[in-house]
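Working through the structure, step by step
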Amino acid sequence: MSGLGNSGLVMSDLGSGDDGISGSKYNIANMEGSSSRNEFDSSAKGGSGVEQELATKMLQIQSKRFYLDVKQNRRGRFIKVAEIGADGRRSQIYLALSTAAEFRDHLSSFSDYYASLGPPNTDNLPEDGKLKSEMMIKDYRRYYLDLKENARGRFLRVSQTITRGGPRSQIALPAQGMIEFRDALTDLLEEFGANDGGFKGDLPEERHMKVDNKNFYFDIGQNNRGVYMRISEVKNNFRTSITIPEKCWIRFRDIFNDYCDKMKKSSDSITAEINLPTSSNSLK
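Just so you know, these numbers come straight off a predicted model, no measurement behind them. Within each chain, residue numbers correspond to sequence positions counted from 1 in written order. Only residues with pLDDT of at least 70 get local features here, since the model is predicted, and only at 80 or more are side-chain atom pairs given and counted; chain-wide, interface and lining totals rely on the full set of residues. Excluding hydrogens and water, the side-chain figures rest on all heavy atoms present in the structure.

1. Some words on unusual backbone geometry
Located in the positive-phi region is Gln62, a residue other than glycine, with phi close to 55°. Mapping Gln62 onto the fold places it in the loop between strand 1 (52-61) and strand 2 (64-73). Starting at the N terminus, helices and strands are each numbered in turn, a helix being any DSSP run of H or I of at least four residues and a strand any DSSP run of E of at least two.

Here you go:
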């Protein structure tokens, strides 16, 4: 497998993807942040709260740098993979730890297939350039893995899409670096495991309502004590909030419904008294 080591080939077309990686270590040429943020990114609207970086690895593969950052927020643990090209162009995808383990296994398969290929033949390229493809699904995210070939060489393109909407993000890994990338993923997974942690499922999206000059926000979050709801009241520049643990949501709802029912009965009773006919009306 020695033929899979780094080579001097520069595939300048591999730097596709959305620009922008947050964090000082990615901040080349002081470019602005990415528009391809998703539910893993705590800086996005409706994001996942305080984010903690647990570990990071950097790989230099040909003219590109790849950062593999293990992070944690209220949704659990995940790996952010950032690609930075020689020209500063950058892109990123997010992998839950369980998805990263699946991706690692696919990398082994792709590497074996790549090793079995003969020398590139530019006169006999597939019409779409694809040599081998796989797909991974995690909740409402889909990942498309395509080993491709063009006039500049062979590379693995990893595209991430979100079925409920959002931009497509992707990285392109030179084929010669797949084993090195796989080994780096393996090291991180051996240290942190393949358990995503956090709530098993999709947390509901935030809700908002406006009453007169007040705004109320309902946000579902998660910490090491479990899932909770934060209800915030915002008026002018003042915000107050309460936090309700999930274990008492039903009791909270029942008390709230009880007050609603009592207020409705009281209102109905007052309305009925107002509508009672007077004695003078009854004689007519």
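We are not done yet, so read on.
2. Things to note about the confidence of the model for the chain
Low-confidence regions, as indicated by low pLDDT, have predicted coordinates that should not be scrutinised in detail. Known as pLDDT, the predictor's per-residue confidence is scaled from 0 to 100. For the chain, the mean per-residue pLDDT works out to 80, and 76% of the residues sit at or above 70. Across residues 1-24, confidence stays below pLDDT 50; counting only partners more than four residues off in sequence or on other chains, it has 79 contacts. Confidence over residues 27-37 falls short of pLDDT 50; this stretch has 25 contacts with residues more than four positions distant or in other chains. Contact criterion: two residues are considered in contact whenever any of their non-hydrogen atoms come within 4.5 Å of each other.

3. Some remarks on the sheet that holds strand 4 (residues 90-96)
Two strands qualify as a pair provided DSSP detects at least 2 bridges between them. Overall, antiparallel pairing links the 4 strands, which are arranged 1-2-3-4 in an open sheet. The outermost strands of the open sheet, each flanked by one partner alone, are strand 1 and strand 4. Strand after strand, the sheet turns through a mean of 20° between neighbouring axes, direction not considered. Here strand 2 runs beside strand 3 (residues 76-84); their pairing, made up of 9 bridges, is antiparallel. Along strand 3, the bridge assignment pairs Leu68 with Val81. Where helix 2 (residues 178-192) meets the sheet, its contacts fall on strand 1, strand 2 and strand 3, and the angle it forms with strand 1 comes to roughly 160°. For helices, the axis comes from a line fit to the C-alpha atoms of the stretch in contact; other axes are also lines fit to C-alpha atoms, and the angle between any two N-to-C directions lies between 0 and 180 degrees.

4. Section: helix 2
Expected helix span is taken as 1.5 Å per residue step, with the number of steps being one fewer than the number of residues. With 15 residues, helix 2 ought to run about 21 Å at 1.5 Å a step, and its terminal C-alpha atoms sit 21 Å apart, in line with that. The cut-offs for exposure are 20% and 50% of the maximum accessible area for each residue type, with area from a 1.4 Å probe on protein chains only; residues under the lower value are buried, those over the upper are exposed, and the others partly exposed. Along helix 2, the residues classified as buried are Met178, Ile179, Phe181, Ala184, Leu185, Thr186, Leu188, Leu189 and Phe192. Two residues or fewer past helix 2, Gly193 is found with a positive phi of approximately 80°.

5. Thoughts on the environment of Ser109
You can see Ser109 is positioned in helix 1 (residues 97-116). Between the alpha carbons of Ser109 and Lys132 there is a distance of 9.9 Å; along the sequence they are 23 residues apart.

6. Remarks on a nonpolar patch on the surface
Patch membership needs two things, relative accessible area over 30% and no salt bridge, and members are linked within 9 Å if like-charged or within 5 Å if nonpolar (Val, Leu, Ile, Met, Phe, Trp, Tyr). Throughout, the Shrake-Rupley method with a 1.4 Å probe supplies accessible areas, and for residues the shown protein chains are the sole cover considered. Any Lys or Arg side-chain nitrogen located within 4 Å of an Asp or Glu carboxyl oxygen qualifies as a salt bridge. Together, Ile242, Phe252 and Phe256 make up a nonpolar patch on the protein surface, roughly 300 Å² of accessible area in all. As for its placement among the helices and strands, Phe252 is situated in helix 3 (residues 249-274). With relative accessibility at 38%, the residue Phe252 sits in the partly exposed group.

7. Side note on the sheet that holds strand 7 (residues 153-162)
Pairing within the open sheet is antiparallel, and its 4 strands lie in the order 5-6-7-8. Strands with a single pairing partner mark the edges of an open sheet, and in this sheet they are strand 5 (130-138) and strand 8 (169-174). Strand-to-strand twist in this sheet, taken as the mean axis angle between neighbours without regard to direction, amounts to 15°. Looking at chain direction, strand 7 and strand 8 are connected through 6 bridges and run antiparallel. Bridge pairing in strand 8 places Val158 opposite Ile171. Against the sheet, helix 1 makes contact with strand 5, strand 6 (141-150), strand 7 and strand 8, and its axis sits at roughly 170° relative to strand 5, the strand it touches most.

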